[in-house]
Amino acid sequence: MKTTFKKILVFSSNKNKIKEIKKIFIGKKIKFLSIDKSVMPEETGKTFNQNAKLKSKRGFDLYKIPCISDDSGICVSALKGGPGVFSKRFEKKFKSQNHANQEIIKLTKKLHDNKAYFKSVISFTYKKNKTITFEGIRNGIIVSKPRGKRGFGYDPIFQPNGVKKTYAEMSKNEKNSISHRSIAMNKFFIFLNQLT
Ligand code: ITT
């Protein structure tokens, strides 16, 4: 890959997200930097796009290097598209992620509607006042019981359309070959190629 960017910071406090993105960067001639305990801004946006921009701008302002962030979540038809941008806050209302996942399954069954999608917005801030975003969506269903031990968050309850495994039953490479996040990241890599 030709690119003017030798180093890119992935600004996230979510270790699992960082691990996934790290794998997507393998083979690219860009040094991938990440920080575990970042000073994340409060996610005050109403959309994934707004929150992703808040985060990449904050990363750029703090570290003065090109910075990407990801804002993502699961959108469930039986919850009228929620928890969506509130996916993290929804999970925090329960004793554990598993309890949050069980609640989604319960509501899905009650309404006989198991449709859902995952969405990721990758935001890239590469200069002061230069921020661009890329979106990835993967449609699928909420399964009737959590399956799989890999991945994180809502992975055990989400099965993408066209496959028989939940995200949590897939290896990182398998998930990355189809996931909402990798769709957005691939758009980002195309943009990087076009810049040079
Ligand atoms: P940042 O520091 O990058 O903001 P975060 O965990 O706070 O990390 P978000 O604000 O984007 O990230 O919240 C997204 C939540 O949605 C996250 O906590 C997960 O529970 C869930 N989520 C996002 N992507 C997911 C994926 O690929 N698989 C499962 N759950 C996911």
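Residues numbered from 1 in each chain as written. Predicted model: local features only at pLDDT ≥ 70, side-chain atom pairs only at ≥ 80, totals over all residues. Heavy atoms only, no water.

Turning to the environment of Lys 165, a few remarks are in order. Looking at where Lys 165 falls in the secondary structure, it is placed in the loop between strand S7 (158–160) and helix H5 (172–178). Here Lys 165 falls in the partly exposed class, since its relative accessible area comes to 34%. Sequence separation between Lys 165 and Lys 128 is 37 residues, and the spatial gap between their C-alpha atoms is 42 Å. Excluding residues within four positions of it along the chain, Lys 165 makes contact with Arg 147, Gln 159, Pro 160, Met 170 and Glu 174. For Lys 165, the side chain forms a polar contact with the side chain of Glu 174, separated by 2.8 Å. (Helix = DSSP H or I, 4+ residues; strand = E, 2+ residues; numbered from the N terminus. Buried < 20%, exposed > 50% of the residue type's maximum accessible area, 1.4 Å probe, protein only. Contact = heavy atoms within 4.5 Å. Polar contact = N/O pair within 3.5 Å; in protein donor to acceptor, adjacent residues only side chain to side chain.)

Our focus in this paragraph is the packing of helix H1 (residues 15–25) against helix H6 (residues 180–195). With their axes 11 Å apart at the nearest point, H1 and H6 run at an angle of 45° to one another. In terms of their interaxial angle, H1 and H6 are classed as oblique. When you trace H1 past H6, the crossing you get is right-handed. Seen from H1, the contacting residues are Lys 17, Glu 20, Ile 21, Ile 24 and Phe 25; seen from H6, they are Arg 181, Ser 182, Met 185, Phe 188 and Phe 189. Looking at side-chain class alone, the contact of H1 with H6 contains six nonpolar, one polar and three charged residues. (Axes fitted to C-alpha atoms, helices over the stretch in contact; angles between N-to-C directions. Parallel < 35°, antiparallel > 145°, perpendicular 65-115°, else oblique. Left-handed = near helix turned anticlockwise from the far one by under 90°. Nonpolar A, V, L, I, M, F, W, Y, C, P; charged D, E, K, R; others polar.)

All told, the structure shown has 16 aromatic pairs when counted by the stated rule. An aromatic cluster of at least three residues, connected via ring pairs, comprises Phe 5, Phe 25, Phe 32, Phe 124, Tyr 126, Phe 134, Phe 188, Phe 189 and Phe 191. The cationic tip of Lys 28 hangs over the ring face of Phe 189; the distance from NZ or CZ to the ring centre is 4.5 Å. (Phe/Tyr/Trp six-rings, centres within 6.5 Å; stacked < 30°, edge-to-face > 60°. Lys NZ or Arg CZ within 6 Å of the ring centre and 35° of its normal.)

With that settled, consider unusual backbone geometry. Note the cis peptide between Gly 82 and Pro 83, where omega equals -10°. Tracing the sequence through the fold places Pro 83 in strand S4 (residues 82–83). Here the phi dihedral of Lys 80 falls at roughly 50°; this positive angle occurs in a residue that is not glycine. You will see that Asn 129, though not glycine, has its phi angle at about 65°, which is positive. Within the element layout of this structure, Asn 129 appears in the loop between strand S5 (115–127) and strand S6 (130–142). Judged by its relative accessible area of 77%, Asn 129 falls in the exposed class.

Take the side chain of Ser 12 next. Within the secondary structure, Ser 12 sits in the loop between strand S1 (7–10) and H1. Side-chain polar atoms of Ser 12 contact the backbone nitrogen of Asn 14, separated by 3.0 Å.

As for its placement among the helices and strands, His 180 is situated in helix H6. The buried category is assigned to His 180, whose relative accessible area is 2%. Within the local environment of His 180, its side chain forms a polar contact with the side chain of Tyr 167, the two groups lying 3.0 Å apart. Ignoring sequence-local partners within four residues, the contact set of His 180 consists of Phe 118, Lys 119, Ser 120, Gly 136, Ile 137, Arg 138, Tyr 167 and Lys 175.

With that settled, consider the pairing of strand S2 (residues 31–34). Across four bridges, S1 lies against S2 in parallel orientation. Of the residues in S2, the one forming a bridge with Leu 9 is Leu 33. In this view, the connection linking S1 to its parallel neighbour S2 by way of H1 has right-handed handedness. (Pairing = 2+ DSSP bridges. Right-handed = clockwise from strand over helix to strand, strands pointing away.)

Right, let's talk about the pattern of salt bridges for a bit. Applying the stated rule across the entire model yields 13 salt bridges. Salt-bridge contacts for Lys 175 lead to Glu 20; the nearest nitrogen and oxygen are separated by 2.6 Å. Of this pair, Lys 175 sits in helix H5 while Glu 20 sits in helix H1, and the two are 155 residues apart along the sequence. With respect to class, Lys 175 is no different from Glu 20; both count as buried. (Salt bridge = Lys/Arg side-chain N within 4 Å of Asp/Glu carboxyl O.)

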